[in-house]
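Here are the chains, one letter per residue:
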Amino acid sequence: MKTKSLIVIAGILALMGISNAEEPTKKPKKPVAPEILEKYDTDKDGKLSKEERGVMKKDQAAQPKEPKQPKEPKQPKAPK
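Nothing here was measured: the structure is a model prediction, and the numbers come from that model. (Residues numbered from 1 in each chain as written. Predicted model: local features only at pLDDT ≥ 70, side-chain atom pairs only at ≥ 80, totals over all residues. Heavy atoms only, no water.)

A closer look at the overall build of the protein chain
Next, step 1: Secondary structure summary: the protein chain contains three helices and zero strands in total.
Next, step 2: Taken from N to C terminus, the helices and strands of the protein chain fall in the order α-α-α.
Next, step 3: Within the span of the protein chain, comprising 80 residues, buried residues form 8% of the whole.
Next, step 4: Only carbon and sulfur atoms are counted for the fraction: they give 61% of the accessible area of the protein chain, which is about 8800 Å². (Helix = DSSP H or I, 4+ residues; strand = E, 2+ residues; numbered from the N terminus. Buried < 20%, exposed > 50% of the residue type's maximum accessible area, 1.4 Å probe, protein only. Areas by Shrake-Rupley, 256 points an atom, 1.4 Å probe, with all protein chains shown as cover.)

Observations regarding a positive patch on the surface
Next, step 1: A contiguous patch of positive charge on the surface is contributed by Lys26, Lys29, Lys47, Lys50, Arg53 and Lys57.
Next, step 2: Mapped onto the fold, Lys57 is located in helix H3 (residues 50-62).
Next, step 3: Judged by its relative accessible area of 56%, Lys57 is exposed. (Patch = residues over 30% accessible without salt bridge, like charges linked within 9 Å, V, L, I, M, F, W, Y side chains within 5 Å. Salt bridge = Lys/Arg side-chain N within 4 Å of Asp/Glu carboxyl O. Lys, Arg positive; Asp, Glu negative; His and termini not counted. Charge placed at Lys NZ, Arg CZ, Asp CG, Glu CD.)

With respect to the side chain of Glu52
Next, step 1: Topologically, Glu52 is positioned in helix H3.
Next, step 2: The buried charged residue Glu52 lacks any salt bridge partner; its closest oppositely charged side chain belongs to Arg53, at an N-O distance of 7.3 Å.

As structure tokens, then:
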């Protein structure tokens, strides 16, 4: 009797865990800057298709990259 009760309780707990599992959420898409849409959105649908993104990536790869400026270290705050 005890074993049957333990199996039933374990089954119920397992089902509760499955029912409470959250579905993975999709990352929200970042809005595309109007300047980029104006330049690369050839079909003017307000979105960049795979082909339009490919052209944009080729243009970006052709541009020389500027070296990143090192960040200035933060100054410690003076005690009050």
